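Spelled out from the first residue to the last, the chains are:
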Amino acid sequence: MAEARAPRFGSPAGWTGRRLSGIGVYVVDLTVFVLRAFRDWARRGRVFNRATLQNVYSQVIFTGVDALPLVSFLALAVGLSITSQMLKLARALGSESDVADLLTNIVGSELSSLLTAIILIGRSGSAIAVDLGGMNLRGEVEGLELLGINVNEFFVTPRIIGAAISQFVLAVWFAAIALFGGVFINSLISSGTSLHQLKRMAETLDPTLVPLFVLKNLLFGIIIASTACYHGFRVRRSPTELPQQTQRAIVTSLVLVFAADGLLAVVS
Amino acid sequence: MSAAAPLLQAVELRPRREGDAAMEHPLSLEVKAGDTICLVGPNGGGKTAYLRALAAVDRPAAGTVKVLGQDASRLSTDAWRALRLRAAYVLEGAPLLSVVNGLINVTLPAMYHRLGTATQVAAAAQDLLTFLDYPGRQDLLPAYLNQHERLLLAIARCLMLSPELMFLDEPFHMTDNACREREAEVFRRLTQEKGLAVLIATHNLGFVRRHADKIVFLHPQWVGCFEGWKAFSAAKQAEVRDFLDTDQR
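Residues numbered from 1 in each chain as written. Chains lettered and ligands numbered in written order. Predicted model: local features only at pLDDT ≥ 70, side-chain atom pairs only at ≥ 80, totals over all residues.

Comments concerning the interface of chain B and chain A
Contacts between chain B and chain A engage 20 residues on the former and 15 residues on the latter. If you list the elements that add at least two residues to the side of chain B that touches chain A, you get helix H2 (77-86), helix H3 (102-112) and helix H5 (147-159) of chain B. Among the residues forming the side of chain B that touches chain A, the class breakdown is 14 nonpolar, 3 polar and 3 charged. (Contact = placed C-beta atoms within 7 Å. Helix = DSSP H or I, 4+ residues; strand = E, 2+ residues; numbered from the N terminus. Nonpolar A, V, L, I, M, F, W, Y, C, P; charged D, E, K, R; others polar.)

This is the structure in structure tokens:
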């Protein structure tokens, strides 16, 4: 007699419970992965090994320096669309005093971090996952392990540190171009009447936002690189796992970055 | 450890299969400095599984293996990493790090383990590449090198760590006869000039015939150890006869 099959999705409550517990287990697993990587790095005694320091430089160059033109272009586009439009709207409504505050908070603090993170996820997160996944498939990672090399220290920590530094620097760059560029272009269009907004922005900048901005961007960089490394190392034997894990790395990074952003906004 | 002490001792060793079950047949083996040990047998006999267990790369399902005096099943992670410097293992296909060139592949492990200044490490790498008679370019990425060149670089990066034991899984994979001859000469020099013990899992019976001090025959139905080709080729065991007859056909 054929066995009765369990329904594929079960009850809605059961399905929701399984999904939530799955997410919980995933987040714990990812956190342990990151903590292990940093523990292995710290245990070596010196901040960076000569061999691993090169990996940090490479990551900063690929994630940070190489992404500058794209980030600059997108920041200018945001400056043109959002900053410029907000200034126009403020002028029409006659509430220019509040606009500086709004611009600093929305464009400077929120949009710059989020849009930079999205660029990094699409550009570097996917590249890290494909890179490590491919190396795992070809036995390159195991080859190094068999030479006594700690792959966490060699592959994971440099990528996390490089991505965190790059995310922070690029977000600052993005914010600067989006705000200054937007104000400058708006001034050109409206005969120099908006340049005083720059001074107002500097005055309305809340100093308590700065540590939060730094923390948030470093956290985004850590999330992006660690998720990519985590999924890259999950590629085992079949090449078909490579696109699957890369896709998961991208989607998970997006979800975690937005969740972290929301959480930090609520906490602050 | 005294000079005469074996570098590797395996007693009733049974590696794990995929799926964690133990291999059926136990293997006992002793390896001394300068030995060339060949693991041979048909596909599915478990050459890679036994080689990995002997090298303490994978924990065995049963039995014991002592590598350079250390019980492989009791090694901490740090001790296992330290052992890897003295017991080198070259995987099948000799994979190198694809993002750096040949020379950096050779120097990287020594740089990572801080075995000298950059100049000293680079000089040692050049000496080793000369010793191995490396014919290729050092400034190319591994993807642009042939399999023989990749194998020599993989051996060189292991030698940078001054190992006493070297394990190689199918080193003659995808190389022509001329390259196989050169590789066989490299293994002979490793054992005779550098005093390494070399364990090789291979299908290259020509090499086994001329160079093996001991032959470990691994078959799904039988496992045995022979003192050289003469003893192996004279064996009456049906599985050995089948294997050798198939090879001659």
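Thoughts on unusual backbone geometry
All names here are of chain B. In this structure, Glu12 is a non-glycine residue whose phi angle is positive, near 50 degrees. Structurally, Glu12 is set in strand E1 (residues 8-14). Positive phi, normally seen in glycine, also occurs at Ala94, with a value near 45 degrees. A count of 25 C-beta atoms within 10 Å places Ala94 in the buried class. (Buried ≥ 20, exposed ≤ 12 C-beta atoms within 10 Å, placed from the backbone.)

Topic: the packing of helix H1 (residues 12-43) of chain A against helix H6 (residues 151-189) of chain A
All names here are of chain A. In the contact formed by H1 and H6, the axes pass within 9 Å of each other and the chain directions differ by 110 degrees. Relative to H6, H1 is oriented roughly perpendicular. In the packing of H1 onto H6, the handedness of the crossing is left-handed. Touching Val34, Arg36, Ala37, Phe38, Asp40 and Trp41 of H1 are Asn152, Glu153, Val156, Thr157 and Ile160, all from H6. When grouped by side-chain class, the residues that make up the contact of H1 with H6 number 6 nonpolar, 2 polar and 3 charged. (Axes fitted to C-alpha atoms, helices over the stretch in contact; angles between N-to-C directions. Parallel < 35°, antiparallel > 145°, perpendicular 65-115°, else oblique. Left-handed = near helix turned anticlockwise from the far one by under 90°.)

A look at the sheet that holds strand E6 (residues 87-90) of chain B
Residues and elements named next belong to chain B. On the basis of which strands lie adjacent, the open sheet formed by 6 strands has the order E6-E7-E8-E3-E9-E10 and mixed pairing. At either end of the open sheet lies a strand with only one pairing partner, and these are E6 and strand E10 (222-226). Shown here is a sheet whose adjacent strand axes are inclined to one another by a mean of 10 degrees, direction ignored. (Pairing = 2+ DSSP bridges.)

Re helix H4 (residues 118-131) of chain B
Residues and elements named next belong to chain B. Helix length check: H4, at 14 residues, gives a terminal C-alpha distance of 20 Å against a target of 20 Å (1.5 Å per residue), a fit within 8%. Within H4, burial applies to Val121, Ala125 and Leu129. Buried residues of H4 fall within an arc of 75 degrees about the axis and therefore sit on the same side. Residues of H4 that are exposed and angled more than 90 degrees away from the buried face: Thr119, Gln120, Ala123, Asp127 and Thr130. If you follow the buried residues of H4, they end up packed against H3 and H5. (Expected span 1.5 Å × (residues − 1). Arc of directions from axis to C-beta.)

Structural notes on the confidence of the model for chain A
Residues at a pLDDT of 70 or more form 91% of chain A, whose mean pLDDT is 85. Element-level mean pLDDT values for chain A span from 74 in helix H7 (residues 196-204) of chain A up to 96 in helix H5 (residues 140-145) of chain A. (pLDDT = per-residue confidence, 0-100.)

Digging into the packing of helix H3 (residues 68-93) of chain A against H6 of chain A
Residues and elements named next belong to chain A. Interaxial distance between H3 and H6 falls to 7 Å at its minimum, and their mutual angle equals 45 degrees. On the basis of their axis angle, the class for H3 and H6 is oblique. Here the hand of the crossing between H3 and H6 comes out right-handed. On H6, the residues touching Val71, Ser72, Ala75, Leu76, Val78, Gly79, Leu80, Thr83, Ser84 and Leu87 of H3 are Leu170, Trp173, Phe174, Ile177, Ala178, Leu179, Gly181, Gly182, Val183, Ile185 and Asn186.

A word on the pairing of strand E9 (residues 214-219) of chain B
Residues and elements named next belong to chain B. Within E9, 6 of the 6 residues are buried, which leaves the element mostly enclosed by the surrounding structure. Of the two faces of E9, both are covered, the one formed by Lys214, Val216 and Leu218 as well as the one formed by Ile215, Phe217 and His219. Inspection of the sheet shows strand E3 (residues 36-40) paired to E9 by 4 bridges, in the parallel sense. Residue pairing in the sheet places Leu39 in a bridge with Val216 of E9. Sheet topology places E9 next to E10; 5 bridges connect them, and they run antiparallel. If you follow Phe217 over to E10, its bridge partner there is Gly224. Following E9, the chain reverses through 2 residues before pairing antiparallel with E10.

Notes on the sheet that holds strand E2 (residues 27-31) of chain B
One open sheet holds the 4 strands; their spatial order is E2-E1-E4-E5 (chain B), and the pairing between them is antiparallel. Across the chains shown, the open sheet's two edge strands, defined by having one partner strand only, are E2 and strand E5 (70-71) of chain B.

Digging into the environment of Leu74 of chain A
Residues and elements named next belong to chain A. Relative to the helices and strands, Leu74 resides in helix H3. Taking the number of C-beta atoms within 10 Å as the measure of exposure, Leu74 has 18 and is therefore partly exposed. Between the C-alpha atom of Leu74 and that of Leu115, which follows or precedes it by 41 residues, the distance is 8.5 Å. Dropping the residues within four chain positions of it, Leu74 is found in contact with Leu115 and Ile119.

Side note on the environment of Ala5 of chain B
By the element assignment, Ala5 of chain B lies in the segment before E1. Considering only alpha carbons, one finds Ala5 of chain B and Leu68 of chain B, 63 residues apart in sequence, at a separation of 9.0 Å.

So, helix H1 (residues 47-54) of chain B
All names here are of chain B. Across the 8 residues that make up H1, a large majority, 7, are buried. Buried within H1 we find Lys47, Ala49, Tyr50, Leu51, Arg52, Ala53 and Leu54. Looking one or two places after H1, you find Ala56, whose phi comes out positive at around 65 degrees.

Quick look at the confidence of the model for chain B
For chain B, per-residue confidence averages 93 on the pLDDT scale, and residues scoring 70 or more make up 98% of the total. Here the complex is predicted with pTM 0.86, and the ipTM for its interfaces comes to 0.92.

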